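The lines below spell out each chain.
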Amino acid sequence: MYELFKNLGTWLVSSSQWSGPDGIAHRLAEHLQYSLLATLIAAAIGLPLGLLIGHTGKGAFLAINLASFGRALPTVGLVVLVFLAGGLSMLPVYVALVALAVPAIVTNTYAGMTAVDPDVKDAARGQGMRGRQVLLQVELPLALPLILTGLRLALIQVVATATIAAYVSFGGLGRYVFDGLAQRDLVQVLGGAVLVAVVAVVLDLALSGLQRFLFRHRTA
Amino acid sequence: MIQFDAVHKRFPNGTTAVHDLSLEMPEGGVTVLVGSSGCGKTTTLRMVNRMVEPTSGTIRVGGRDVTRQDAAELRRSIGYVIQQGGLFPHRTVLDNIATVPLLLGWNRRKARARAAELLETVGLAADAGKRYPHQLSGGQQQRVGVARALAADPPVLLMDEPFGAVDPVVRTQLQDELLRLQKELNKTIVFVTHDIDEAVRLGDRIAVFRTGGHLVQCAAPEELLARPADDFVAGFLGAERGLKLLSLRTLAAVPQGPAPDSGTWTLVLDEARRPLHWRSADDAERPVRPLGDSDSLLSALNESVASPTGLIARVDADGELTGVTSRDDILEHANRAHAELGVAA
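Just so you know, these numbers come straight off a predicted model, no measurement behind them.

**Student:** Quick one: what's the story with the overall build of chain A, residue by residue and with numbers?
**Tutor:** Summing up its helical and strand segments, chain A has 11 helices and zero strands in all. Traced from its N-terminal end to its C-terminal end, chain A shows the element sequence α-α-α-α-α-α-α-α-α-α-α. Overall, the C-alpha framework of chain A stretches about 70 × 45 × 30 Å when taken along its three principal axes. Counting all 220 residues of chain A, 37% fall into the buried class.

Next comes the structure, spelled out in structure tokens:
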């Protein structure tokens, strides 16, 4: 056991492990690229959907049930399914990651919109704001903390799951996990897993710190 | 002037909120809508700025049918204050107040300047403008709500139980402030409350609603208290309506005489002839609360009951003693006032 962690330590800090096309730096960049792009696409789908449902109150059923749907979705199964249907490309990976991220974004955006005090919305309309102005000037800013929470959760989930890119022969930190498994190199498997975990935790801390800074004037 | 003509409101679930309402709310006056909850008073108020659309009938503000105007533009021309303030929690107090001017397309500097001016109008310190609503007390938030409604100087102000969520002391302050503001601004105000004392205090006219959206009586407070239309209104006004009537009459017309300088109790004054307290022959002291001409007969009666001599001390604007009035004089004047109004027993 001790030996394993010692080797893991050496693996993680050795300079040769960090450089080159198969190095940690490059794999990390790939991993972040997949994750950010997938989250961005998911946001482009989930945000308008959540805002629309929250503003009109129509389709609340969808917003609420999407969360449990997201949890139940077998990500690897989805990758394989799209891979079989569409052939080998990054598409199956992005489809799976986006499908994973959308529910968290929609659900939290919707939750943020419904948490806006009805009196405040009533006052906004009563002062003479039109529907769009109520949405953009009142509902959206007030829902923003929860919207950002949704984006953060989605990104963390995607980062943790983007290892599947390696499953269909692409890069990212998953490379170490799948290669290590194939080569029965436990140190490499563990190294990949630790890196993914560290990236997820660091992003989570950084983003929640940013949220706290942005909303320091808000109560609660 | 606001006119309701045969207005009906039935909600999709089948309940009738307002039943065949015809009512005029005079320009420059405060019309208070009172009634227990579910009587349609808030719905009536919200139909004025189209937050609720009438099922049938017409509502005119300044002669123009509200349903023929763009709803958002109509609302910008009517001040709107709700319970709890409904302030925007993510905007500073100044930006909250500047809401309607900005919607009307004023430039930011002009809107902010106007907002700063209004802070003073509603009795808030200038540095409150940079704060956020949650950093203010309930009473202060309510003042900001009033300032926001006044920002674009609308001729009409709708106030939906604006002082319902603050404690009684603050409520009285806010009521005083509103009366002071109204003296300067002369707005046409529609004010919803379920508190009959608040209605009597603020209203030039009071409209009493019964459950089911029926208007039972609309009259000046004195008229309402003196001659309630039916048992429902009488019940709503409460058992002390004779006393409430006294709260509408001032002391000004009640005669006064010189303060007694001998007897069991004498009134002690300071160098400026301001009453300090009552003192008895054996040096006991009792407090005195001097009253001016603008105080009500009700306060006078209350003070005369508390006074060891049954006399109240009357003072001028500087607090200087002008004379005393006996409980009998107050009661006689009250009786005469009641007789004039033909108060029903």
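**Student:** An account of the interface of chain A and chain B is needed here, citing residue identities and associated values.
**Tutor:** At the junction of the two partners, chain A supplies 16 residues and chain B supplies 18 residues. If you list the elements that add at least two residues to the side of chain A that touches chain B, you get α7 (118–126) and α8 (131–161) of chain A. Counting residues per element, the side of chain A that touches chain B draws most heavily on α7 of chain A, which supplies six residues. Of the residues contributing to the side of chain A that touches chain B, the split by class is six nonpolar, five polar and five charged.

**Student:** Let's hear about the domain arrangement of chain B: which residues, and what values?
**Tutor:** Split by domain assignment, chain B resolves into domain 1 (2–238) and domain 2 (251–341). Using C-alpha coordinates to define each centre, domain 1 of chain B is positioned 38 Å away from domain 2 of chain B.

**Student:** Outline unusual backbone geometry, listing residues and values.
**Tutor:** Unusually for a residue other than glycine, R184 of chain A sits at a positive phi of about 50°. Tracing the chain through its elements places R184 of chain A in the loop between α10 (174–182) and α11 (186–214). Positive phi, close to 65°, is recorded for R273 of chain B, a residue that is not glycine. With respect to the helices and strands, R273 of chain B occurs in the loop between β11 (265–269) and β12 (275–280).

**Student:** An account of the sheet that holds β11 of chain B is needed here, citing residue identities and associated values.
**Tutor:** Residues and elements named next belong to chain B. Taking strand neighbours across the sheet as the criterion, the three strands line up as β11-β12-β13 in an open arrangement whose pairing is antiparallel. Of all strands in the sheet, those bounded by a partner on one side alone are β11 and β13 (285–287). Each neighbouring strand pair of the sheet contributes to a mean axis angle of 35°, computed without reference to strand direction. Pairing geometry for β11 and β12, over five bridges, is antiparallel. Bridge pairing in β12 places V268 opposite H277.

**Student:** Could you give an account of the environment of R212 of chain A, naming the residues involved and the relevant values?
**Tutor:** With respect to the helices and strands, R212 of chain A occurs in helix α11. Once the C-alpha coordinates of R212 of chain A and G57 of chain A are considered, the two residues, 155 residues apart in sequence, prove to be 29 Å apart.

**Student:** Quick rundown of helix α13 (residues 327–341) of chain B? Include the residues and the values.
**Tutor:** Taking 1.5 Å per residue, 15 residues should reach 21 Å; α13 of chain B reaches 21 Å between its end C-alpha atoms and fits that length. At the exit of α13 of chain B stands G342 of chain B, carrying a positive phi of roughly 65°.

**Student:** Outline helix α7 (residues 168–185) of chain B, listing residues and values.
**Tutor:** All names here are of chain B. Its 18 residues place the ends of α7 25 Å apart at the C-alpha level, agreeing with the 26 Å of an ideal helix rising 1.5 Å per residue. Burial in α7 covers these residues: R171, L174 and L178. Projection of α7 onto a plane perpendicular to its axis shows the buried side chains occupying an angular sector of 60°, all on one side. Structural note: α7 exposes V169, D176, L179, R180, K183 and E184 on the side pointing more than 90 degrees away from its buried face. Buried residues along α7 sit in contact with α6 (138–150) and α8 (196–202). Just beyond α7, the residue with positive phi is N186, at close to 50°.

**Student:** Go over the sheet that holds strand β5 (residues 64–65) of chain B, please, and point to the residues and values.
**Tutor:** In a beta sheet, neighbouring strands are held together by backbone hydrogen bonds and run either parallel or antiparallel to one another. Residue and element names in this part refer to chain B. Reading across from one edge, β2-β1-β4-β5 is the order of the four strands in this open sheet, with antiparallel pairing throughout. At either margin of the open sheet sits one strand with a lone partner, and together these are β2 (16–25) and β5. Pairing of strand β1 (residues 2–10) with β2, which is carried by six bridges, proceeds in the antiparallel orientation. Across the sheet, residue I2 finds its bridge partner in β2, namely M25.

**Student:** Hey, could you go over the pairing of strand β3 (residues 30–34) of chain B for me, with residue numbers and the actual values?
**Tutor:** All names here are of chain B. Of all five residues in β3, five are buried; the element is thus mostly enclosed. The alternating pattern of β3 places V30, V32 and V34 on one face and T31 and L33 on the opposite face, and all of these are buried. Note: β3 against strand β8 (residues 188–193), five bridges, orientation parallel. If you follow V32 over to β8, its bridge partner there is F191. Pairing of β3 with strand β9 (residues 205–210), which is carried by four bridges, proceeds in the parallel orientation. For V32, the partnering residue across the bridge sits in β9 and is I206.

**Student:** Give me the lowdown on the nonpolar core, citing residues and values where you can.
**Tutor:** Core analysis: the largest hydrophobic core is formed by 137 residues, its most contacted members being L97 and A101 of chain A together with V48 of chain B. Take this core: its biggest share by element is 14 residues, from α8 of chain A. If you count residues domain by domain, this core takes at least three from each of domain 1 (2–238) and domain 2 (251–341) of chain B. The contacts of V48 of chain B, once residues within four sequence positions are left out, are I2, I59, V61, V66, I78, L158 and V190 of chain B.

**Student:** Outline the pairing of strand β4 (residues 56–61) of chain B, listing residues and values.
**Tutor:** Looking along a regular strand, one sees side chains alternate from face to face of the sheet. All names here are of chain B. Taken together, the five bridges between β1 and β4 define a ladder with antiparallel strand orientation. Counterpart to F4 in the pairing with β4 is I59. As judged from the two bridges shared by β4 and β5, these two strands associate in the antiparallel manner. Considered in β5, the bridge of V61 is made with R64. Hairpin geometry of β4 and β5 is characterised by an intervening segment of two residues between the two adjacent antiparallel strands and by a positive phi of about 60° at G62.

Procedures and definitions
- Residues numbered from 1 in each chain as written.
- Chains lettered and ligands numbered in written order.
- Predicted model: local features only at pLDDT ≥ 70, side-chain atom pairs only at ≥ 80, totals over all residues.
- Helix = DSSP H or I, 4+ residues; strand = E, 2+ residues; numbered from the N terminus.
- Buried ≥ 20, exposed ≤ 12 C-beta atoms within 10 Å, placed from the backbone.
- Contact = placed C-beta atoms within 7 Å.
- Nonpolar A, V, L, I, M, F, W, Y, C, P; charged D, E, K, R; others polar.
- Domains from an automatic or database assignment.
- Pairing = 2+ DSSP bridges.
- Axes fitted to C-alpha atoms, helices over the stretch in contact; angles between N-to-C directions.
- Expected span 1.5 Å × (residues − 1).
- Arc of directions from axis to C-beta.
- Core = buried A, V, L, I, M, F, W, Y, C linked by C-beta atoms within 7 Å.

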